[in-house]
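One-letter residues, chain by chain:
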Amino acid sequence: MAKDDNSGKDLTAADSSTVGHEGAPAGTAVVVRDAVANPGFPPHRPRVTDLDPSAERQAERTVYTLFYLSIVGSVFAIVAYMVFPIIPEDPGSVRLNNLFIGLGLTLALMAIGIGAVHWGKALMFDHEGIDERHPVRGTDETRTRAVEIFHEANVESGIGRRSLIRNSLIGALIAFPLPAVVLFRGLGPMDTNPSALLSHTMWKAGTRLAIDPTGTPIKASDVTLGSAFHVIPEGLQDLEHGKLEEKGKAAVLLMRLKPEDLNELPERKGWSYDGIVAYSKICTHVGCPVALYEQQTHNLLCPCHQSQFDVTNHCEVIFGPAKRPLPQLPIAVDSEGYLIAQSDFTEPVGPSFWERH
Amino acid sequence: MTTFNTPKQPRGRKAGRRSPLASVALIAIGLLFTGGAYAAFSTSTASAETNATSQQTVGEGQKLFAANCATCHGLAAQGSGSGPSLIGVGAAAVDFQVGTGRMPMQMNGPQAQKKKVQFTEEQIASLAAYVASLAPGPGKPDASLLDAEGNAANGAELFRINCAMCHNVAGAGGALTAGKYAPNLKGVTEAHIYEAMVTGPQSMPVFNDMNISPESKRDIITYLKYLEKTPSPGGLALGSLGPVSEGLFLWIFGLGSIVALTVWITAKSN
């Protein structure tokens, strides 16, 4: 049988129960005295293909047929690519294209794999054997020689003797990654404090509430009882840059409840308008959009991790992993009847970050 | 009339004498004539006619309501501990709830479930007419908004913003809190989709015409119908449930075949 040249043994020579235990230095490890003895290999059992030449020929045929099938699969995949092209405007063509190319490639690769395994299992020699690991420690001779080489290298290069060269090289090696550090720093926020960016949104006193995605401002009279509006600050849709970043912080859900259903804190009495309340849509857990509003129970459900917020009680958490209530946007009505923000959110929206827990 | 002039009795009956049946027949003819003339004449005053029939429909609806709905919703639809008031919900709400079989409710539960429709079209129309007669409310949508010929791309964007968080981006539905759920939208008729948006049945919020304009609602319906018509380009959609069904499929068939192959590779050949 094929084996590497260090310590591979045939089964007959294997006596693994004693290997490695003799001569081990006494340490603190507990030596198990009644360890289960290695039962060794089961007796070798010849395969059908070893005994029956016709079975062997059959197995050979199977293997080369599989390899030929693989060629057929590869050709099929190429042909399928040409016969079933992807036609723009026709999603159905993508399906056929993917299906037949995939079938061809599957046949090509699976047939090689199955053929190779079958070859190995049925036809290649199957004597059981043991390959022992190399001992990790080198011989004393090798170790001495290694020390000698280090010593010679030191003497020949003069790295120990020529301290100026050595030290300047160490300095150069320390300095060369520094430009990368500086350049990568430039990718991060530079002129603003990131926690200030996270703490403020596009909402300002007087910003009108607008419908996502059109940006149409919302009148208080438009918001009928039981309604839920998905809201962006007016002007967001016209932003040239950073539209999604701003939307990611400023998205708001606007709901109208019966005013008597709301249990408002005294200091937040003026934050709603006739039962209309606006809350941040960004979950305080990990920032998913919380918008599954149930108009009968007034629960808001986050679809990612099932946090539930009670809109009647300032969106306090009633279930799930979120730790804080959703921030409320204080709203009012301007002279034309449009809903406006009284101010930005009074706390950072969304999940915790390093300066908000 | 021919009986008067039968040749068998020409002399027995003189011109002055008529059979007693003659006056009855005459009256019948007269009545028929006036009735026909009135019918022909009254087509020109169609509105009066419609009012009369709708009054009749409302009455019929009231009877149906008293027999089938009043237990929970109250005899005057004012609501009770077991059912909300229906004053002002409009014909759209009735057409949706009864037309999809949700009402009458089969049993108490987290929410009324879709089931076999319990009333005929006319009965639903009468019920709707009765409830609509109580107070103004959203009516049934115009057929021009239900043709599913709008802008599917716009509808898809609006659907993703307003609907997808509950109903799933492919409209396959999803779970809500405490056993409630947003139903699958496949196979729901255009009118029922529209009415659900307008009325906000059960847990669903209301999406009135100021929030999503009627044309945009038409676009949303177009998108949902497009999804129904168009085969999934990715092959088997597995209910379009996303990671739930796809993960389960991979777990069983993907890992299953890997395990099977591993067993085969490591098993000894016989």
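Conventions adopted
- Residues numbered from 1 in each chain as written.
- Chains lettered and ligands numbered in written order.
- Predicted model: local features only at pLDDT ≥ 70, side-chain atom pairs only at ≥ 80, totals over all residues.
- Helix = DSSP H or I, 4+ residues; strand = E, 2+ residues; numbered from the N terminus.
- Buried ≥ 20, exposed ≤ 12 C-beta atoms within 10 Å, placed from the backbone.
- pLDDT = per-residue confidence, 0-100.
- Contact = placed C-beta atoms within 7 Å.
- Nonpolar A, V, L, I, M, F, W, Y, C, P; charged D, E, K, R; others polar.
- UniProt positions renumbered as here; feature names shortened; annotations may be inferred.
- Core = buried A, V, L, I, M, F, W, Y, C linked by C-beta atoms within 7 Å.
- Pairing = 2+ DSSP bridges.
- Axes fitted to C-alpha atoms, helices over the stretch in contact; angles between N-to-C directions.
- Parallel < 35°, antiparallel > 145°, perpendicular 65-115°, else oblique.
- Left-handed = near helix turned anticlockwise from the far one by under 90°.
- Expected span 1.5 Å × (residues − 1).

Draft legend 1. Local environment of the overall build of chain A. From N to C terminus, chain A includes eight helices and 12 strands. For chain A, the proportion of its 357 residues judged to be buried stands at 22%.

Draft legend 2. Spotlight on the confidence of the model for chain B. Residue and element names in this part refer to chain B. A residue-level look at chain B finds 85% of positions with pLDDT of 70 or above and a mean pLDDT of 82. Note on residues 1–10: pLDDT under 50 across the span, and two contacts to partners over four residues away in sequence or across chains. Predicted confidence is poor over residues 42–50, with pLDDT under 50, and the contacts of this stretch with residues over four places away or in other chains come to one contact. Taken together, the chains of this predicted complex give a pTM of 0.70 and an interface ipTM of 0.71.

Draft legend 3. A look at the interface of chain B and chain A. On the side of chain A, 31 residues touch chain B, which itself brings 24 residues to the contact. Listing elements by their share of the side of chain B that touches chain A, those giving two or more residues are helix 6 (152–162) and helix 7 (164–167) of chain B. Looking at the side of chain B that touches chain A, the element that brings in the most residues is helix 6 of chain B, giving three residues. Each residue belonging to the side of chain B that touches chain A can be placed in one class, and the counts come to 11 nonpolar, 11 polar and two charged.

Draft legend 4. Broad picture of the UniProt feature "transmembrane region" (unreviewed entry) in chain A. Residue and element names in this part refer to chain A. The UniProt record marks residues 66–87, 99–119 and 169–188 with the feature "transmembrane region" (unreviewed entry), using the residue numbering of this structure. Here residues 99–119 is 100% helix and 0% strand, with 29 Å between the C-alpha atoms at its ends. The annotated region residues 169–188 carries 75% helix and 0% strand content, and the separation between its end C-alpha atoms amounts to 31 Å.

Draft legend 5. A look at the nonpolar core. Counting 87 residues, the largest nonpolar core has Leu209, Val231, Val252 and Leu254 of chain A together with Val131 of chain B as the members making the most contacts within it. When residues of this core are assigned to their parent elements, the largest contribution, eight residues, is made by helix 5 (residues 121–134) of chain B. In this structure, Leu209 of chain A is in contact with Pro217, Ile218, Val231, Val252, Leu254, Ala278, Ile331, Leu339, Ile340 and Ala341 of chain A, ignoring residues within four places of it in sequence.

Draft legend 6. Representation of the sheet that holds strand 8 (residues 299–301) of chain A in the model. Residue and element names in this part refer to chain A. Strand order in this open sheet of four strands is 7-8-9-10, and the pairing throughout is antiparallel. Among the strands making up the open sheet, the edge pair consists of strand 7 (292–294) and strand 10 (316–319). Between one strand axis and the next, the sheet turns through 30° on average, direction left out of account. Judged from the three bridges that link them, strand 9 (residues 308–310) and strand 10 form a sheet pairing that is antiparallel. Residue Gln308 lies in a different strand from strand 10, and its bridge partner there is Phe319.

Draft legend 7. Fine view of the sheet that holds strand 3 (residues 209–211) of chain A. Residues and elements named next belong to chain A. Ordered by their spatial adjacency, four strands build an open sheet running 3-4-5-6, and the pairing between neighbours is antiparallel. Looking at the sheet topology across the chains shown, the edges are occupied by strand 3 and strand 6 (276–280). Recorded for the sheet is a direction-independent mean angle of 40° between the axes of neighbouring strands. As paired strands, strand 4 (residues 228–233) and strand 5 (residues 252–256) are joined by four bridges and run antiparallel to one another. Bridge pairing links Phe229 to Leu254 in strand 5.

Draft legend 8. View of the packing of helix 2 (residues 53–83) of chain A against helix 3 (residues 91–123) of chain A. Residue and element names in this part refer to chain A. Contact pair helix 2 / helix 3: the axes reach a minimum separation of 7 Å and the direction vectors enclose 165°. By the angle between their directions, the pair helix 2 and helix 3 is classed as roughly antiparallel. Between helix 2 and helix 3 the crossing geometry is left-handed.

Draft legend 9. The arrangement of the pairing of strand 4 of chain A in detail. All names here are of chain A. The element strand 4 is largely enclosed, with a buried count of six among its six residues. Burial along strand 4 is two-sided: the residues Ala228, His230 and Ile232 and Phe229, Val231 and Pro233 are all buried. Bridge count for strand 3 against strand 4 is three bridges, and the pairing is antiparallel. Among the inter-strand pairings, Leu209 is bridged to a residue of strand 4, identified as Pro233.

Draft legend 10. Main features of the packing of helix 8 (residues 190–199) of chain B against helix 9 (residues 214–229) of chain B. All names here are of chain B. Two elements in contact, helix 8 and helix 9, have axes whose closest approach is 10 Å; the angle formed by their N-to-C orientations is 130°. Between helix 8 and helix 9, the crossing angle belongs to the class labelled oblique. Here helix 8 runs over helix 9; the crossing is right-handed. For the pair helix 8 and helix 9, the contacting residues are Glu190, Ile193, Tyr194 and Met197 in the first and Lys217, Ile221 and Leu224 in the second. Residue composition of the contact of helix 8 with helix 9, grouped by class: five nonpolar, no polar and two charged.

Draft legend 11. A look at the environment of Leu292 of chain A. Tracing the sequence through the fold places Leu292 of chain A in strand 7. You can call Leu292 of chain A buried: it has 25 C-beta atoms within 10 Å. Each C-alpha atom of the pair Leu292 of chain A and Gln308 of chain A lies 9.4 Å from the other, and the pair is 16 residues apart in sequence. Aside from chain neighbours lying at most four places away, what touches Leu292 of chain A is Leu300, Leu301 and Pro303 of chain A together with Met165, Cys166 and Leu176 of chain B.

Draft legend 12. Expanded view of helix 4 (residues 140–157) of chain A. Residue and element names in this part refer to chain A. Taking 1.5 Å of rise per residue, 18 residues should cover 26 Å, and helix 4 covers 26 Å from first to last C-alpha, within 8% of that figure. Buried residues are scarce in helix 4, accounting for zero of its 18 residues. At the exit of helix 4 stands Gly158, carrying a positive phi of roughly 75°.

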